[in-house]
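# Fold and contact review
Below, each chain spelled out in residue letters.
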Amino acid sequence: DLRTVMRRVGCEGEKITFIFDESNVLSSGFLEAMNALLASGEVPGLFEGDEYSALMSACRDSAARDGVILDSDDELWRRFTSIVQRNLHVVFTVNPSGGDWKNRSTT
């Protein structure tokens, strides 16, 4: 689950490489989410409502452990996405000789 991976990276400080191949791509929406993650450190709409509140609480605890005092959820969110960008690496593997490589590479 991407939420769990991002929580581990952004709140617990783990360095994670997320490896997936073209057979894991179920829709173009998944590729769009990965693109957003790589571009900004976040996936819009991934954390909402209670999940967002729980994430902010975990981020606040993480920042306090690191001796960082942040006042607002916006500051916590920026810290979270910055840590995700720094510590989460995405590897996407494809088989150029078969599959949908030619179709997907043009989109």
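Remember, it's a predicted structure, so these values are computed and weren't measured experimentally. (Residues numbered from 1 in each chain as written. Predicted model: local features only at pLDDT ≥ 70, side-chain atom pairs only at ≥ 80, totals over all residues. Heavy atoms only, no water.)

So, on to helix H1 (residues 2–10). Regarding H1, the residues found buried are Leu 2, Val 5, Met 6, Val 9 and Gly 10. Projected down its long axis, H1 carries its buried residues within an arc of 115 degrees, all on one side. Elements in contact with the buried residues of H1: strand E1 (16–21), helix H2 (28–40), helix H3 (50–65), helix H4 (73–87) and strand E2 (88–93). (Buried < 20%, exposed > 50% of the residue type's maximum accessible area, 1.4 Å probe, protein only. Helix = DSSP H or I, 4+ residues; strand = E, 2+ residues; numbered from the N terminus. Arc of directions from axis to C-beta. Contact = heavy atoms within 4.5 Å.)

Any two side chains of opposite charge can pair, given that their charged atoms come close. On inspection of all chains with the given rule, the structure shows 5 salt bridges. One salt bridge connects Arg 3 with Asp 1, and the closest N-O pair in it is separated by 3.6 Å. A relative accessible area of 25% places Arg 3 in the partly exposed class. A salt bridge links Glu 51 to Arg 3; its shortest N-O distance comes to 3.0 Å. Of this pair, Glu 51 sits in helix H3 while Arg 3 sits in helix H1, and the two are 48 residues apart along the sequence. (Salt bridge = Lys/Arg side-chain N within 4 Å of Asp/Glu carboxyl O.)

The next subject is H4. Taking 1.5 Å as the rise per residue, H4 with 15 residues should run 21 Å; its terminal C-alpha atoms sit 21 Å apart, in good agreement. Every buried residue of H4 is accounted for by Leu 76, Trp 77, Arg 79, Phe 80, Thr 81, Ile 83, Val 84 and Asn 87. (Expected span 1.5 Å × (residues − 1).)

With that out of the way, let us pick up the state of the cysteines. Simply put, the disulfide is a covalent bond whose two ends are the sulfur atoms of two cysteines. Per the stated rule, a full pass over the model turns up 0 disulfides. Cysteine Cys 11 is unpaired, with the sulfur of Cys 59 as its nearest cysteine sulfur at 3.6 Å. Given the relative accessible area of 3%, Cys 59 is considered buried. (Disulfide = S-S within 2.5 Å.)

What follows concerns the environment of Phe 20. Looking at where Phe 20 falls in the secondary structure, it is placed in strand E1. For Phe 20, a relative accessible area of 5% translates into the label buried. The spatial distance from the C-alpha of Phe 20 to the C-alpha of Phe 92 is 5.3 Å, given a sequence separation of 72 residues. Beyond its immediate stretch of four places on either side in the chain, Phe 20 contacts Val 25, Phe 30, Met 34, Val 90, Val 91, Phe 92 and Thr 93.

Scanning all chains against the criterion turns up 6 aromatic pairs. Relative to Phe 92, the ring of Phe 20 lies with its centre 4.9 Å away and its plane at 40 degrees, an arrangement referred to as tilted. Here Phe 92 lies in strand E2 and Phe 20 lies in strand E1, a separation of 72 residues in the sequence. The class for Phe 92 is partly exposed, based on a relative accessible area of 36%. Ring-pair connections join several aromatic residues into one group, and the members of that group are Phe 47, Tyr 52, Trp 77 and Phe 80. (Phe/Tyr/Trp six-rings, centres within 6.5 Å; stacked < 30°, edge-to-face > 60°.)

So yeah, pure geometry; function would need other evidence.
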